[in-house]
Structure formats: C-alpha cells, structure tokens
Amino acid sequence: MTVTASASQSRPPVQRWLLVWALALAAVLVVFLLQERLPWAVDYPADAVVPVADWVSALMRWIKSNLSWLTRSITAVLGVPLDFALDLLAKNFKIGHGADAYVLPRLSWIGVCVAAFIAGHAAGGRKLGMLVGGCFLYTALFGQWTSAMLTLALISIAVPFCIVTGLFAGIWAWRKPWAERLIISPALDLMQTIPTFAYLIPMLLLFGNSPVSAMIATAIFATPPMVRATMLGLSRVPSEIDDFSEMAGCTARQKLWRVLLPSARPTLMIGVNQVIMLALNMVIIASMIGAGGLGYDVLLALRALKVGEAMEAGLAIVALAIALDRLSQAIAHKQAKGHVQRQANQSVWRRYPNLSLAIAILVVTTLLGLFVPAFAAVPKEITFTTAPLWKAAVNWVTINFFDVIEAFRVALILNVLNPLRAFCEGFPWLGAVALLGLAGYHLSGLRLAALVAALTAFCAVTGLWEKTMATVYLCGISAFIACLIGIPIGLAAARSDRFEKIVTPIIDTLQVLPSFCFIIPVVMLFRVGDVTAMIATVAFAVVPAIRYTNHGIRQVPPALIEAAKVSGCTPRQTFFRVQIPLALPEIMLGVNQTILMALAMIIICAMVGTRDLGQEVFIALSKADSGRGIVAGLAIAFIGIVADRLFNAWTAKARARLG
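Note that residues are indexed from 1 along each chain, following the sequence as it is written. Reporting of local features is limited, given that this is a predicted model, to residues whose pLDDT is at least 70; pairs of side-chain atoms are given and counted only at 80 or more, and all residues count toward the totals for whole chains, interfaces and linings. The basis for the side-chain values is all heavy atoms of the structure; hydrogens and waters are excluded.

(A) Geometry of the overall build of the protein chain. Numbering of helices and strands starts at the N terminus; helices are DSSP runs of H or I of at least 4 residues and strands are runs of E of at least 2. The number of helices and strands found in the protein chain is 31 helices and two strands. Taken over C-alpha atoms, the radius of gyration comes to 27 Å for the protein chain, in line with the 26 Å a tight globule of 659 residues would show. Along the longest, intermediate and shortest principal axes, the C-alpha atoms of the protein chain span 85 × 60 × 60 Å. Think of it in three bands: with a 1.4 Å probe and only protein chains considered, a residue is buried below 20% of the maximum accessible area for its type, exposed above 50%, and partly exposed in between. Here the protein chain, with 659 residues, has 46% of them falling under the buried criterion. In the protein chain, the proportion of contacts linking residues at least 24 apart, taken out of those at least 6 apart, comes to 79%. Here the open area of atoms and residues is found with the Shrake-Rupley method and a 1.4 Å probe, where only the protein chains shown may cover a residue. Accessible area for the protein chain stands at about 33100 Å²; split by element, carbon and sulfur atoms hold 67% of it. Both charge centroids of the protein chain, one from 50 positive and one from 32 negative side chains, sit 7 Å from each other. We compute the radius of gyration over the C-alpha atoms and compare it with the globule rule, which gives 2.2 Å times the number of residues raised to the power 0.38. The contact rule is simple, with two residues in contact once any of their heavy atoms fall within 4.5 Å. His residues and chain termini do not enter the charge count, which takes Lys and Arg as positive and Asp and Glu as negative. Where a charge lies is defined by one atom per residue type, namely NZ (Lys), CZ (Arg), CG (Asp) and CD (Glu).

Given below as structure tokens:
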C-alpha cells in the first residue's frame, strides 16, 4: 500500500502533462517557423545520412559469394518435395529423358474436386462439402485449374514447414521465458511488420528466380501465427492437467507430447488456419519471383490493363482462399469438440474411411485420364469466361459515371490528400522523434520512449524521412477512414443480433480475400494513384475495427449492465456510459490492428503508383538492390512497431484505469 501510494504521488498530475504537451507542441511549431535558420531540424542533412543500405548490400554480396554452396544445397533439398507437389497437382511426372521419356499424368481434376467435397463433408457436413468442392470446380470451369494447382502445390509444401517450425519455436519460447522475451517476440514483430515485398529481395538474390525462393519467402511470412498460437495454447492448458500428468509419472517429453499439446489442439488448429491464409496471401505476392500460379496471372493482367482476365484470376484466388479457410476452420472446430477414438486393430479403410475413399477416387480418376483425356485436363468445351462481361461492365460504369467518379477523385486529392501529404512531408523530423518519444514516456516510461525515438530516428538517419512521412500520411488517412466506417458498424452489430448476422459473413469474406483482390476493382474505376490506394486499403483494413468493436461491447460483464439498469440508466445511457467505456481497450486494440493492416496494404499499393516506402521496396525488387529494399522494409516495420507499442501501452493503461 505504501509503495502504491508513493508511486501515485510521484506520478505527474493531468495538468502537468497537459503543460508538458503544450510546451512540446509549441517547440515543434517554433522549429517549423524557423526552418530557414534551423534547416537540419526539419529536413535531415543529406551529408549526415548513414549508409545502412550500402552496408546491407555489401553483406548480401558477401553471403552470395562465400555461402553460395549453402544456398544451392537448400535449394536442392527443398526443391525435391516442391517439384513432386508441382508434378502431382499441376504438371506431369516425366520418367527418363528425351524421346524415350515416359509421362505419368498429374492428379485428375475430377478426382481433386471430389476429394475436396469428401474432405469438406467429413469436416463439416454436406453444406461445407458442397462449398469446398464447388470452389475447386469453379476454378476448373473458369479455366484457372492449372494456375490454381500451381498455387496449391506451393502452399501444400510451405504450410507443413511453417507448422513444424512454428510448433518447435513456440514450445521453446513457452519453456524459456527469456528466449520468448529476447529472441522470439522481437523476431515475430519484425516478421509480421516487414512488408511482404521486402521478403522477396534477399530470397531473389540468394536463391534466384524460382519456386523455391517463393516457398522460403512464404514460409518466413506465414510462420509467426503458429508460434503465437503454440505459446498461447500451452499457456492456457489448465494447471490441473499439468499436475495430473506429473502425478501419473510422465516424463517432461511425455507430458509435452501426450498431454499438453493434445490439450492445446483447438488453439493450435486456429494457428494452422492463420498459417494457411497467410501462406496463400504470400504465394500470390511471391509470384513476382517465380512462384507462378494465380498471382502471376493477376500480375500479367494488371500490367496489360486486362480488366476481365485480372478479375477472373482474382476471383479464382478468392475461391481457393474461401475453400481452404472454411475447411481449416471446420477441422479446428471439430478438434475442439474432441476426436473419435479408433481401435488399433481395425483396418485402414475402417479407421479412415473418408481418406481411403478420397485416395481411391484420385487413383481411379487419374488412371482413367490415361485413356480418357477429359479426366486428365479440363475440356475447353465446358470452360467459359466472364472476362468480356467484366470489361463491358467497367466500360459502362466509366462511360456513364466518369464525371462523378472523376469529380470525387479530384476533390479528394485537392482538398484532403494533397494538403495532408504536404503537412506530413513538411513535419520536422526532430519534432516527430521528440513527440513520439514523449508519448512513449507518458504511456509506459523511459524504455518505451527510447525504443520509439530510436525507431523513428532510424527512418531519418537512413535518408528515408520524406518517403516515411508519405507512408504515414496515406496509412493514417486510410486507417482513420476505416475506423470511421468500422467502429459504428461494430457498435450497431453489438446492439443488434440480426444486424450482426448480416455483417459477419461480409467481414469473414473480406478477411479471406487476398490483398491483390482489393486493388483490381478499384483500379478499374479510379485508375492508379493515391485515391486507389486509399480506397483499397480502407476495404482491406476495416475488418478489425468492426470485429474488435463488436467483440468488446459483447464481452462487457452482464452483471455490470444489470447494475446500470438497477441504477436507473436507460438503454442509451447504459450503452454510452457503461458498455463503450469498458469496451474501449478492446476497441483500441481493433484500431491498432487496423493501422497494421493498413500499413501492410499500403505497401502492396505501391503497384498502383503510390510514392512512398512501398515504392522504394518495389524499385529495389525490380533492380535486385537488396540493401535499398531491406532498409526501406525495416523503416516500414519500424512504423508498425511504433504504432503497435504505443497503442498497446495506451490499452494497458486504460485497462488498469478501468480495473
């Protein structure tokens, strides 16, 4: 009690902090007004830029020159299962060489569609089976089968690698708190905040333009959710189960593999679901360094401005994402309810009837493909395309609504985006470092202040301040609009079960859409530029604001709501004075996630002409300039880490204040 009282007395009161903030803002304003006399405080001096990019490039060249034997070995080892998966699903097996080579067919498209139906039916019933099988059939009938199977083959190898790696890393972090604090958590933060394009540059340099490079980049990007799910699942296992396993005489290894991990299986399966979705998202982007598949089709169509073809390939990505997402969610839900015990003396057919049936159908249909071409490849006679319809629809909208769209675009650029961009790019770098450091000190003390100030200063001392502020401006306005849209929708969903049932399928669909698919329709209408990037980013980032707001309101304890009603509060007063204040930390967590998702999408929007850090990464990728790309990627990651740490500190402070 004495310690608590003395700490509260030493803490500056609200009035003192208001005075500190007023003085800090006044100082920044003075620096801005005196920028002719203090130019070094506004624009970082060019002669003081630290050549970090050159150092990184030199390091990568050294690695390439001296460790090429290692990269070639890794490529050879990982290429074996990847080539097998590609031959099995998308290509054909070739035995021998030259004219005497014998060709074995890939899996029949009919068999794969039926196997997908069986998997969905086994995991979630007939409706799920129809959905999963229908999604695969859709890719076949729209002529996207080979590209979809190329994408699926890469995922089928990358995902198990991510799961195994994430599982062992999560176990190590759970057992060793120091490793979690000093190694795992910082590594996960970097892996999740460095933009996806930045992963491609070192992979391209070290492993070349090949599917193996794409698979390694995908594995790095998609592993963190499995690590976090493993740590969370093991920490949530009830202590009674842990104690019982020790009383039963289990060794540490037996307790882990036979008791704790099976008990944490539901949480682990959620991690598997997230790994699959991130891997699918990354595979699309990795098409730029040799992955091929649906992502490559989208890229080619966008570069050639073929709206219809881009839309068809994008919808095929959506179909594949929905099938894999719903299937993995159903398996996770089934695992949460418990699994059926099977007798060891049963035959394989009786123990795994669905799996045996699927394998039998795949074998039979593939063998039939040797004699019936319609089983081996999708007949062109049954495929159809909607590309002309999409093109005609876009042309109709453009012709009939061009004036309205153009007026909206120009008004937004002139009245909102350009002034905000000019303000951000002209903001003194020294003032930004000082203000963010002060925010960190105010929220959590000296350690957070030093971290935030150092990460912000990195963006300036590497010569990327103007690009950094261009990224902050576009990410900030997009996240702000996403919150303006998402939070009211989340509040409405929390107050109405009927409205929630309408909103939930929409945000679930938005969540499974790969990021590329948000760009395609917006580019059709608004062309390239900041407006396109902003609209696509808002659509991509709005989901966390809705979901966390709805969840936060609904998680308010019913006892507190009843207490408010007993006190005479009307439903409106209860909502605004009890539920919203108590849900505010959860809502702010949604705002934090919205900012991080907006930042991730802004980088991908570099493909549509934005001039920010994403463009730096994109240019570095095209020139294979590893130093430039990695430093720009780190600057983007540091923006995300600064936002994440400040919002987390604010949320923790709000939770402590609310008890």
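Now that the structure has been shown, we can carry on.
(B) Main features of the packing of aromatic side chains. Classification of ring pairs uses Phe, Tyr and Trp, with its six-membered ring standing for Trp, and accepts pairs whose centres are within 6.5 Å; under 30 degrees between planes counts as stacked, over 60 as edge-to-face, and the remaining range as tilted. Enumeration according to the criterion identifies eleven aromatic pairs in this entry. An aromatic cluster of three or more residues is present, and its members are Y138, F142 and F384. In our convention, an over-ring charge means Lys NZ or Arg CZ found within 6 Å of a ring centre and within 35 degrees of that ring's normal. Geometry around F575 places R495 over its ring, the cationic atom sitting 4.4 Å from the centre.

(C) Structural detail: helix α5 (residues 68-89). To estimate how far a helix should extend, the number of its residues minus one is multiplied by 1.5 Å. Compared with the 32 Å implied by 1.5 Å per residue over 22 residues, the 31 Å span of α5 between its first and last C-alpha is a close match. One axis fitted to the seven residues ending at a residue, another fitted to the seven starting there: the angle between these axes is the bend at that residue. Residue G79 marks the point of greatest curvature in α5, where the axis turns by about 35°; the proline P81 follows within four residues. Within the sequence span of α5, burial applies to T71, L78, G79, L82, A85, L86 and L89. For α5, the elements touching its buried residues are α8 (145-175), α10 (196-207) and α11 (211-222).

(D) Looking closely at the state of the cysteines. By convention in this document, the label disulfide applies to cysteine sulfur atom pairs within 2.5 Å. A complete count under the given rule lists zero disulfides for this structure. C135 takes part in no disulfide bond, and the closest cysteine sulfur to it belongs to C113, at a distance of 10 Å. Looking at C459, it has no disulfide partner, and the nearest cysteine sulfur is the one in C475, 13 Å off. Residue class for C459 comes out buried when judged on its relative accessible area of 3%.

(E) Structural view of the packing of helix α21 (residues 387-425) against helix α27 (residues 530-554). Only C-alpha atoms enter the line fits that serve as axes; for helices the fit covers just the stretch in contact. Angles between N-to-C directions range over 0 to 180 degrees. At their nearest, the axes of α21 and α27 sit 10 Å apart, and the two run at 90° to each other. If you check the angle between α21 and α27, you find them roughly perpendicular. Judged by residue contacts, F408, R409, L412, I413, L417 and R421 of α21 engage D530, V531, M534 and I535 from α27. Split into classes, the residues belonging to the contact of α21 with α27 amount to seven nonpolar, no polar and three charged. Here is the rule for angles: anything less than 35 degrees is roughly parallel, anything more than 145 is roughly antiparallel, 65 through 115 is roughly perpendicular, and the remaining ranges are oblique. Under the grouping applied here, Gly and all other residues not named as nonpolar or charged are polar, the nonpolar ones being Ala, Val, Leu, Ile, Met, Phe, Trp, Tyr, Cys and Pro and the charged ones Asp, Glu, Lys and Arg.

(F) Highlighting the nonpolar core. Counting residues in each nonpolar core, the largest one holds 171 residues, and the members touching the most others are F136, W145, M149 and L200. Look past the residues within four positions of F136 in its chain and what remains in contact with it is V112, C113, A116, W145, M149, L152, L320 and A323. Residues belong to one nonpolar core when they are buried, are Ala, Val, Leu, Ile, Met, Phe, Trp, Tyr or Cys, and are joined through side-chain atoms within 4.5 Å. Counting nine residues, the second-largest nonpolar core is a separate cluster that includes A494, I561, F575 and I580.

(G) Representation of the packing of α8 against α11. Interaxial distance between α8 and α11 falls to 9 Å at its minimum, and their mutual angle equals 40°. Relative to α11, α8 is oriented oblique. Here α8 and α11 pass one another in a crossing that is right-handed. Judged by residue contacts, L154, I157, A158, F161 and C162 of α8 engage P211, A214, M215, T218, A219 and A222 from α11. In a left-handed crossing the near helix is turned counterclockwise from the far helix by less than a right angle, and in a right-handed crossing that turn is clockwise.

(H) Representation of the environment of L646 within the structure. Here L646 lies in helix α31 (residues 626-658). Given the relative accessible area of 12%, L646 is considered buried. Put simply, L646 and L204 are 442 residues apart on the chain and 34 Å apart in space, counted from C-alpha to C-alpha. Look past the residues within four positions of L646 in its chain and what remains in contact with it is L436, A439, G440, L443, L448 and V452.

(I) Looking closely at a nonpolar patch on the surface. A cluster of nonpolar side chains, Y352, L355, I359, V363, L367, L370, F371 and V372, forms an exposed patch at the surface whose accessible area comes to about 760 Å². Checked against the element boundaries, F371 lands in the loop between α19 (353-368) and α20 (373-376). To count toward a patch, a residue needs a relative accessible area over 30% and no salt bridge; like charges are then connected within 9 Å, while nonpolar side chains (Val, Leu, Ile, Met, Phe, Trp, Tyr) are connected within 5 Å. Any carboxyl oxygen of Asp or Glu that lies within 4 Å of a side-chain nitrogen of Lys or Arg is treated as forming a salt bridge with it.

(J) Representation of the pattern of salt bridges. Counted according to the given criterion, the structure contains eight salt bridges. Salt-bridge contacts for E406 lead to R409; the nearest nitrogen and oxygen are separated by 2.9 Å. Placement of the pair is E406 and R409 together in helix α21, with a separation of three residues, close to one helical turn.

(K) Structural view of α19. Helix length check: α19, at 16 residues, gives a terminal C-alpha distance of 22 Å against a target of 22 Å (1.5 Å per residue), a fit within 8%. Among the residues of α19, those classed as buried are S356, A358, L362, T365 and T366.

(L) Examining the environment of T504 more closely. Note that T504 resides in helix α25 (residues 497-512). Sequence separation between T504 and A493 is eleven residues; the distance between their C-alpha atoms is 8.8 Å. Two N or O atoms count as a polar contact when they lie within 3.5 Å, although within protein this holds only if one can serve as hydrogen donor and the other as acceptor, and sequence-adjacent residues are included solely when both atoms are side-chain atoms. From its side chain, T504 meets the backbone oxygen of E500 in a polar contact 2.7 Å long.

(M) Seen up close, the environment of S328. As for its placement among the helices and strands, S328 is situated in helix α17 (residues 307-337). With 157 residues separating them along the chain, S328 and I171 place their C-alpha atoms 22 Å apart. Not counting residues up to four positions away in its chain, the partners in contact with S328 are N273 and I276.

(N) Structural context of the confidence of the model for the protein chain. For the protein chain, the average pLDDT comes to 83, and 94% of its residues sit at 70 or higher. Values of pLDDT, ranging from 0 to 100, describe the predictor's confidence in every residue of the model. Considering only residues more than four positions removed or in separate chains, one finds that residues 1-11, a stretch of pLDDT under 50, has zero contacts.

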